[in-house]
2 protein chains.
Amino acid sequence: MATDDLMTKVLEALGDAQPTVEAIHDLTDLAEVPSSMTIAEVADRLALPAHTLRYYERAGLVTVARDSQGHRVYDADAVRRLVFLTRMRLSGMSMRELQHYIELVDAGERTVPERMAMLVEHRDTIVRRLRELTLSLAAVDYKITTYGGATGSDVERSPSREAAA
Amino acid sequence: MATDDLMTKVLEALGDAQPTVEAIHDLTDLAEVPSSMTIAEVADRLALPAHTLRYYERAGLVTVARDSQGHRVYDADAVRRLVFLTRMRLSGMSMRELQHYIELVDAGERTVPERMAMLVEHRDTIVRRLRELTLSLAAVDYKITTYGGATGSDVERSPSREAAA
DNA sequence: ATTTGCGTTAGAGCGCGCTCAAAGTCCTAG
DNA sequence: CTAGGACTTTGAGCGCGCTCTAACGCAAAT
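An unreviewed UniProt entry lists chain A under the name HTH merR-type domain-containing protein, with Planotetraspora phitsanulokensis given as the organism.

Draft legend 1. Expanded view of the overall build of chain A. Along its length, chain A carries eight helices and three strands. Helices and strands appear in chain A in the N-to-C order α-α-β-α-α-β-β-α-α-α-α. Relative to its full complement of 165 residues, chain A shows a buried share of 47%. Carbon and sulfur atoms form 53% of the exposed surface of chain A, whose accessible area is close to 8,100 Å².

Draft legend 2. Local environment of the sheet that holds strand β2 (residues 65–66) of chain A. Residue and element names in this part refer to chain A. Read across the sheet, three strands follow the order β1-β3-β2 without closing on themselves; strand pairing throughout is antiparallel. Whereas interior strands pair on both sides, the edge strands pair on one side only; in this sheet they are β1 (36–37) and β2. Relative to strand β3 (residues 72–75), β2 runs antiparallel, the two being bridged by two bridges. Across the sheet, residue A65 finds its bridge partner in β3, namely V73. Across the face of the sheet, helix α5 (residues 76–90) comes into contact with β1 and β3 while running at roughly 80 degrees to β3.

Draft legend 3. Up close: the protein's contact with DNA strand C. Looking at DNA strand C, there are 22 residues lining it, with R58(A), R66(A), R72(A), R89(B) and R96(B) nearest. Among the atoms of DNA strand C lying within 4 Å of the protein, the sugar-phosphate backbone contributes 72%. At a separation of 2.6 Å, a phosphate oxygen of DNA strand C approaches a polar side-chain atom of R72(A). R89(B) places a polar side-chain atom, nitrogen or oxygen, 2.8 Å from a phosphate oxygen of DNA strand C. Those elements that provide at least two residues to the surface near DNA strand C are α3 (39–46) and α4 (50–58) of chain A together with α4 (50–58) and α6 (95–106) of chain B. With five residues, α4(B) is the single largest residue contributor to the surface near DNA strand C.

Draft legend 4. Examining the protein's contact with DNA strand D more closely. As a structural note, the neighbourhood of DNA strand D is formed by 21 residues, with R89(A), R96(A), R58(B), R66(B) and R72(B) the closest of them. Counting only the atoms of DNA strand D within 4 Å of the protein, the fraction contributed by sugar and phosphate is 68%. Contact between DNA strand D and R89(A): a phosphate oxygen at 2.8 Å from a side-chain N or O atom of the residue. At 2.5 Å, a side-chain N or O of R66(B) approaches a phosphate oxygen of DNA strand D. Put simply, the parts of the chain that give the surface near DNA strand D at least two residues each are α4 and α6 (95–106) of chain A together with α3 (39–46) and α4 of chain B. At five residues, α4(A) tops the list of elements feeding residues into the surface near DNA strand D. Looking at the surface near DNA strand D residue by residue, the class counts come to seven nonpolar, seven polar and seven charged.

Draft legend 5. How the structure looks around the packing of α3(A) against α4(A). Residue and element names in this part refer to chain A. Orientation of α3 relative to α4, taken along the N-to-C sense of each, is 105 degrees, at an axis distance of 9 Å. By the angle between their axes, α3 is roughly perpendicular relative to α4. Contacts from I39, V42, A43 and L46 in α3 reach A50, L53 and R54 in α4. Considering only residue class, the contact of α3 with α4 consists of six nonpolar, no polar and one charged.

Draft legend 6. Highlighting the side chain of T111(B). Residues and elements named next belong to chain B. Mapping T111 onto the fold places it in the loop between α6 and α7 (112–145). Taking the relative accessible area as the measure of exposure, T111 reaches 5% and is therefore buried. Reaching out from T111, the side chain makes a polar contact with the backbone oxygen of L104 at a distance of 2.6 Å. Ignoring sequence-local partners within four residues, the contact set of T111 consists of L104 and V105.

Draft legend 7. Molecular detail of unusual backbone geometry. All names here are of chain A. Positive phi, close to 55 degrees, is recorded for A47, a residue that is not glycine. Considering the arrangement of structural elements, one finds A47 in the loop between α3 and α4. Accessibility expressed as a relative area gives 19% for A47, which makes it buried.

Draft legend 8. Highlighting the nonpolar core. Counting residues in hydrophobic clusters, the biggest one holds 73 residues, and the most contacted among them are L53(A), Y74(A), L82(A), L53(B), Y74(B) and L82(B). Take this core: its biggest share by element is 10 residues, from α7(B). Apart from the residues lying within four places of it in its own chain, the contact partners of L53(B) are I39(B), V42(B), A43(B), L46(B), L48(B), Y74(B) and L82(B).

The rules behind these values
- Residues numbered from 1 in each chain as written.
- Chains lettered and ligands numbered in written order.
- Predicted model: local features only at pLDDT ≥ 70, side-chain atom pairs only at ≥ 80, totals over all residues.
- Heavy atoms only, no water.
- Helix = DSSP H or I, 4+ residues; strand = E, 2+ residues; numbered from the N terminus.
- Buried < 20%, exposed > 50% of the residue type's maximum accessible area, 1.4 Å probe, protein only.
- Areas by Shrake-Rupley, 256 points an atom, 1.4 Å probe, with all protein chains shown as cover.
- Pairing = 2+ DSSP bridges.
- Contact = heavy atoms within 4.5 Å.
- Axes fitted to C-alpha atoms, helices over the stretch in contact; angles between N-to-C directions.
- Near = heavy atom within 4 Å.
- Polar contact = N/O pair within 3.5 Å; in protein donor to acceptor, adjacent residues only side chain to side chain.
- Nonpolar A, V, L, I, M, F, W, Y, C, P; charged D, E, K, R; others polar.
- Parallel < 35°, antiparallel > 145°, perpendicular 65-115°, else oblique.
- Core = buried A, V, L, I, M, F, W, Y, C linked by side-chain atoms within 4.5 Å.

Pasting the structure below:
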């Protein structure tokens, strides 16, 4: 994913501190969003290729005005939405789901409950994924610490198996 | 990914206990691997489509013998390798990387250092991903708890922005 | 006057990881 | 004898999320 860089950057900015709700809180309005940005500026800021920004727009995820030359002009709301979109993509929400979410947003206040439901479900997805990864990490650690060349067994109890891998 | 089910199953088996090295240790030889299995049995056991098992074999990730009818016969080592492969896929290692890893295994003992290096690097990848997801979780939680319909801002301080989202 | 540079569009192409289709073989049960 | 079912192979197809190409527009700099 092209957005990998974003999160990497963000994590570096956070240092080794545990991500907290407060830290997140600060992230969005970290270095106030200018009232208007070009595509290059937004791309730079989000560490996304400009191509991807255009792609998101074509996909209906964000609406962007044009100036007299027909060039895109991103306002603060568009940028904030892109921050949101990027975060959701990065945490595993599909384009299709995001398109649905955005449709709901555009449909007005009455869709708030459904939006909340989507967020809660996505939250569950993230938690599930965290558990999977935690388990995988333990497995890989185990393999590393018990000297882990073989694939045949994660449990190096019978060294004779090494040959079989 | 088709392998999602596997991990789901595994996590359910673990219940809410924290995944530990010991738990992982138990996973591989949980319910001893039979000395020989058909493709259907392996597919069932790993919760992978048989198609995917054939695909992995074609990709060179595992070698499987045939019986007199030309049907695949998976021995315990093959099954263990598939468990390993599945775990690695699930934790984000690409097919390409796994192919390289398996090439190293097949190249013998002298490649152990490089295999270790791959495992350690992958470990880092998992840790990075865990941090990303943890951060995303905090962000989504924040959005949920602060009443989260709008996309424009993760920080619902100016309710007027709701309209802009 | 022309080159450089940043932007635009529609649409094609790509890498990944499966996933399936077609056509055939073999064994068993009715 | 035949029908069903599980398997085999090769190769094509698909969904996703970008990513890039081609052809063009406009404007500031040389």
